[in-house]
Amino acid sequence: MSVVTLTINDELVSAQAEQTLLEAIREQGIDLPTLCHMDGLSDKGGCRLCMVEMTNNNNRLVPACVTKVQEGQSIRTESDKLTNYRKMIIELLLSERNHICAVCVMNGHCELQNLAAHLGVNHVRYEYVVPDLPMDASHERFVQDHNRCILCMRCVRVCHEVEGAHNWDVMGRGVNSLVIADLNKPWGSSRSCTGCGKCVQVCPTGALSKKGSTVAEMVKHHDFLGWIMNGREKNIWEYR
Amino acid sequence: MTRTVIIDPVTRIEGHAKISIHLDDAGKVTDTRFHVTEFRGFEKFCVGRSFWEMPGITARICGICPVSHLMASAKAGDAILGVKIPPTAEKLRRIMNWGQIIQSHALSFFHLSSPDLIMGMDSEPAQRNIMGLIQQDSELARKGIRLRQFGQDVIRILGGKSIHPAWTVPGGVREPLSVQNRDRIATMLSETSSWIDTAFDVLYDAHEKFQGEVGNYGEFPSLFAGLVGPDGELEHYDGQWRVVNSEGKRLEEGIAPERYRDVIGEAVEPWSYLKFPYYKPLGYANGAGMYRVGPLARLNVCDFAGTRRANRALHEFRRIMKQAKPVSNTFYYHYARLIEILFCLEKIEETINDPIIVDTHVRSQANVNQLVGIGVSEAPRGTLFHEYHIDEQGIIKEVNLVIATGQNNLAMNKTVHQIAQAYVDGTKLTEGMLNRVEHGIRMYDPCLSCSTHAVGQMPLHIQLFSPDGEVLDELVQGK
């Protein structure tokens, strides 16, 4: 496997040619915020939080999760401009739906909330859209709450790529998009859903939760995904 | 020329309100109104949410008494699940509820009302608050603050935090009480005795000092309503509703919480966001169905308290009225509040000594079994009802909340009117006169939302209007 050399934050580093920039950056121990990315799932470059500046190309912004490393590439992971953009992204996400952290089942464990705190988002500069969105509690074990959804599509990908059921899809366009079950049926009546709960565990917010969860009670565990993928792809069946 | 005096905002209460006093040509009071000027909208925006979330959401109605909403909401959730919660969970909920009543009553008595009682109704407004009290008598203020702290600490130990703990849930509670935490509560309890004794000393002095006010501060007949236990004892968590009239006759006995709509009607007036509940059989017209809830009402409806010292205190309390009638004077809400603190301290002590209290089975599991859930609890300010209608998935379709303060709305208006008539002279308005009117509201300790006003200021705003709306005179303080 060939190796390329690139510059990350003024440090020369080497990476494997097939790696993404995100993988190479994280291998260096550098923290880069992400929301739609999840180890074990394909990348889609949706949330744009992992944008980095290509300093050898007019500081052009590229999403690190879907950009492959290249020989001679020079990138920067932190700048005032990047921080500002990342904060704007979080603020836009918060303004699009009804993210009422104080009464959310994921309060204190939410990736969106944690990132907002990490990036110093202490207010939202945009007008809240306040959409009137329903909850779907028709499933026997789980609840879907569109109000908390950030359209990261981890649920769509894990169901299609790992479980193989493809229960979830996306309906509509832009901010009006909704994650739907079985071509827009109540989740409980979906015939494709196996009830495995993988979508619930990978969801970064309170959009998908276990039924009966009360405020701040939902905690999600992602490590099952690494276990399944290592077993399936590398035949390593070791729960770590 | 008729005039209107506006007290806006009413200070040292929980929430936002104003009082208008209408004067005739001679400066005499003709009409008064207590307006609640904030709108919350919980009954509307909870629609579409899951009933599992309701304790967490409705606790946000108030930062002072979130526990009351947690109790009523979780009990409505229990009813939807159709479960009997584990006995330990019920006892733990009761302990938190008693802790809540202690902290809220201590806040009302020491932080909000005692400046009037100790410094006088006409004292310097800039000093007439808890900070002024600390300067004047730091030891007394410290005891008041510590008593409230005890209640807050009990809530914090059980629920993880003192404000909006999401610990009470449909089916029980989320975490059991550890042996260490039980012992912490027991240790803290041992200190509280002298604090409550001090509170009673302040109260007895106030009764001596304000003999005139005692007779004019909301002295009128009304109905009284509250929960009582199975044997007629003082009850704050469960039980059945009892209504008595001013003669002590029981009009209702054994009303199960889910039947509250049979006896409570809710009227609306265009000049206030607070609804006007009334006792349905007597009607709304002319205040016939006016009833009072809260500490005074609870002591009036129960047969006995149920703990040693509180029983004795209740016996003394009832000597106020001859012929064994209910105590009808609103000023004695303060007295009733202190007796309830004493009762709650004794009940906490009794309950934490029950070995079952550290049992770890504290949550019953179930799903939606009923489509309507009604929960009731006695909040510090009176009976609180939560009623939820859900679909088969547990999504809320309709919410009705009957808040204690609302049930005192008619009585608060009457109290304000009586005090204004006795003390407000339109020909020479003083701040002290208007403070008496405000104190009339403070006696009910109304909880109009989640916030109290900043201390150290008296943002009193009085305006005199001519009939055509022209401002004739204006007095603004503390700004």
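Quick caveat: nothing in here was measured; it's all calculated off a predicted structure.

Caption draft 1: Geometry of the sheet that holds strand β3 (residues 51-54) of chain A. All names here are of chain A. Read from one edge to the other, the open sheet built from 5 strands follows the order β2-β1-β5-β3-β4, with strand pairing classed as mixed. At either margin of the open sheet sits one strand with a lone partner, and together these are β2 (11-16) and β4 (60-63). In this sheet, adjacent strand axes meet at a mean angle of 40° when their direction is disregarded. Bridge count for strand β1 (residues 3-8) against β2 is 6 bridges, and the pairing is antiparallel. Residue Ile 8 lies in a different strand from β2, and its bridge partner there is Glu 11.

Caption draft 2: Seen up close, the pairing of strand β9 (residues 178-181) of chain A. Residue and element names in this part refer to chain A. Two elements, strand β8 (residues 168-171) and β9, share 4 bridges in a ladder whose sense is antiparallel. Counted as the bridge partner of Trp 168 is Ala 181 from β9. Connecting β8 to the next strand, β9, in antiparallel fashion are 6 residues, including Gly 172 with a positive phi near 85°.

Caption draft 3: Main features of the domain arrangement of chain A. Residue and element names in this part refer to chain A. On domain assignment, one finds that chain A holds domain 1 (3-76) and domain 2 (85-234). For domain 1 and domain 2, the distance between their C-alpha centres works out to 25 Å. For the side of domain 1 that touches domain 2, the class distribution of residues is 8 nonpolar, 3 polar and 3 charged.

Caption draft 4: Highlighting the environment of Met 121 of chain B. All names here are of chain B. Its location among the elements puts Met 121 in the loop between α4 (87-119) and α5 (130-136). In sequence terms Met 121 and Leu 81 are 40 residues apart; their C-alpha atoms lie 50 Å from each other. With near-sequence residues (within four places) excluded, Met 121 lies in contact with Asp 116, Gly 432, Asn 435, Arg 436 and His 439.

Caption draft 5: Main features of unusual backbone geometry. In this structure, Asn 184 of chain A takes a positive phi of about 70° despite not being glycine. Within the fold, Asn 184 of chain A resides in the loop between β9 and α5 (198-202). In this structure Asn 184 of chain A comes out as exposed when scored by C-beta crowding, with 11 C-beta atoms within 10 Å. For Asn 286 of chain B, which is not glycine, the phi torsion reads 60° and is therefore positive. With respect to the element layout, Asn 286 of chain B can be found in the loop between β10 (276-279) and β11 (291-292).

Caption draft 6: Representation of the nonpolar core in the model. Ranked by internal contacts, the top residues of the largest apolar core, which has 196 residues, are Cys 155 of chain A together with Ile 339 of chain B. No other element matches the 14 residues that α4 of chain B contributes to this core. Those residues in contact with Ile 339 of chain B that sit more than four places away from it in its chain are Leu 299, Ala 310, Ala 313, Leu 314 and Phe 317 of chain B.

Caption draft 7: Geometry of the interface of chain A and chain B. With 13 residues of chain A in contact, the opposing surface of chain B contributes 15 residues. Here the side of chain A that touches chain B is built from residues that sort into 8 nonpolar, 4 polar and 1 charged.

Calculation rules
- Residues numbered from 1 in each chain as written.
- Chains lettered and ligands numbered in written order.
- Predicted model: local features only at pLDDT ≥ 70, side-chain atom pairs only at ≥ 80, totals over all residues.
- Pairing = 2+ DSSP bridges.
- Helix = DSSP H or I, 4+ residues; strand = E, 2+ residues; numbered from the N terminus.
- Axes fitted to C-alpha atoms, helices over the stretch in contact; angles between N-to-C directions.
- Domains from an automatic or database assignment.
- Nonpolar A, V, L, I, M, F, W, Y, C, P; charged D, E, K, R; others polar.
- Contact = placed C-beta atoms within 7 Å.
- Buried ≥ 20, exposed ≤ 12 C-beta atoms within 10 Å, placed from the backbone.
- Core = buried A, V, L, I, M, F, W, Y, C linked by C-beta atoms within 7 Å.

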